[in-house]
Amino acid sequence: MKIQLFTLLILIILLNGCLSDKHMEFEKIPINGTIENFAEELIKLGYTNPQKLKENQIKLNGVFLERNCEIYVLGTGISQTTYKVRVNLPYDRKDSLEYGFFEIQKQYSEKFGNGLSRYHQYRNADRFLFNEPKRIRELTQGDFTRFTTRSGVITLIVRVGYISITYLDRKNGEIWKREMGEGELKPVPE
């Protein structure tokens, strides 16, 4: 009995370790490899107009969640490994922005489970709303919902007039942190 329990425990530990080795996916493409290779994969899916904005950032245009969007692929400073993808949805009116945010939030909650939400401002404090059923929370800049998975973090955030969705790969995010630390310690060439 002890051998079976021990074997089961070892199997669970091994499976758990294998699951955490996966990279987060964006459009079913693992967020891994160089930013150029990742951008090439997005181009194969129909994203267009790749522009290198900085040494470690590429911007593309395309349709995401049935809307024309800007997609930014960000890489680490030294190895140019893709660690983050940011989608900026198009600018929208306030009521459409609120509706869109809550619809995307609902979609992602069904796929990734309940996320952590933070809302920065209310029209009135909750204690004053009991007698005014028409008063509801207003969505403002900085409000967000964060979905944490084994492979990374997805953040849905309200910006000024648009919604931004960020996919951050956990493994490559650690590479980015290490390379940022190394970059600070390097001497400046004369």
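That block above? That's the structure.
This section reports on the structure supplied with the text. (Residues numbered from 1 in each chain as written. Predicted model: local features only at pLDDT ≥ 70, side-chain atom pairs only at ≥ 80, totals over all residues. Heavy atoms only, no water.)

## Re the layout of surface pockets
Phase 1 of the analysis: Space inside the largest pocket adds up to approximately 470 Å³.
Phase 2 of the analysis: Considering the residues around the largest pocket, the lining is formed by 19 residues, among which Glu25, Lys111, Phe112, Ile154 and Tyr167 are closest to the centre.
Phase 3 of the analysis: In terms of residue class, the lining of the largest pocket is built from nine nonpolar, four polar and six charged.
Phase 4 of the analysis: When residues of the lining of the second largest pocket are assigned to their parent elements, the largest contribution, five residues, is made by helix H3 (residues 94–112).
Phase 5 of the analysis: Classifying every residue of the lining of the second largest pocket gives two nonpolar, one polar and five charged. (1 Å grid on protein atoms, 1.4 Å probe; cavity = no way out; pocket = protein on both sides within 12 Å on 5 of 7 lines; lining within 4 Å. Points joined across faces, edges and corners; volume = space filled by probe spheres on them. Nonpolar A, V, L, I, M, F, W, Y, C, P; charged D, E, K, R; others polar. Helix = DSSP H or I, 4+ residues; strand = E, 2+ residues; numbered from the N terminus.)

## Focus: the environment of glycine 152
Phase 1 of the analysis: Tracing the backbone shows glycine 152 in strand E9 (residues 152–158).
Phase 2 of the analysis: Of the residues examined, glycine 152 reaches a relative accessible area of 0% and is grouped as buried.
Phase 3 of the analysis: Residue contacts for glycine 152: discarding those within four places in its chain leaves Met24, Phe147, Leu168, Asp169 and Arg170. (Buried < 20%, exposed > 50% of the residue type's maximum accessible area, 1.4 Å probe, protein only. Contact = heavy atoms within 4.5 Å.)

## A short note on H3
Phase 1 of the analysis: With 19 residues, H3 should reach 27 Å at 1.5 Å per residue; the first-to-last C-alpha distance of 26 Å fits that figure.
Phase 2 of the analysis: Among the residues of H3, Leu97, Glu98, Gly100, Phe101, Ile104, Gln105 and Tyr108 are the ones counted as buried. Mapping the buried residues of H3 onto a view down its axis gives an arc of 165 degrees, with all of them on the same face. In H3, the exposed residues that point more than 90 degrees away from the buried face are Tyr99 and Glu110.
Phase 3 of the analysis: Close packing links the buried residues of H3 with strand E4 (57–64), strand E5 (67–75), strand E7 (116–118), strand E8 (144–148), E9 and strand E10 (163–169). (Expected span 1.5 Å × (residues − 1). Arc of directions from axis to C-beta.)

## Examining the nonpolar core
The tendency in soluble globular proteins is for nonpolar side chains to be buried side by side.
Phase 1 of the analysis: Formed by 31 residues in total, the largest nonpolar core has its most connected members in Phe26, Leu42, Phe64, Ile71, Ile165 and Tyr167.
Phase 2 of the analysis: Contributions of two or more residues to this core are made by helix H2 (35–44), E4, E5, strand E6 (82–88), H3, E9 and E10.
Phase 3 of the analysis: Among residues more than four places away in sequence, those in contact with leucine 42 are Phe26, Ile29, Tyr47, Leu60, Ile71 and Val73. (Core = buried A, V, L, I, M, F, W, Y, C linked by side-chain atoms within 4.5 Å.)

## Some points on H2
Residues spaced three or four apart along an α-helix face the same direction, because each turn holds 3.6 residues.
Phase 1 of the analysis: Among the residues making up H2, those that are buried are Ile35, Phe38, Ala39 and Leu42. Down the axis, H2 shows its buried residues gathered within 100 degrees of arc, on one side only.
Phase 2 of the analysis: On its buried face, H2 is in contact with strand E1 (25–26), strand E2 (29–30), E4, E5 and E6.
Phase 3 of the analysis: In the segment just after H2, glycine 46 is the residue with positive phi, at about 110 degrees.

Geometry only, nothing functional implied.
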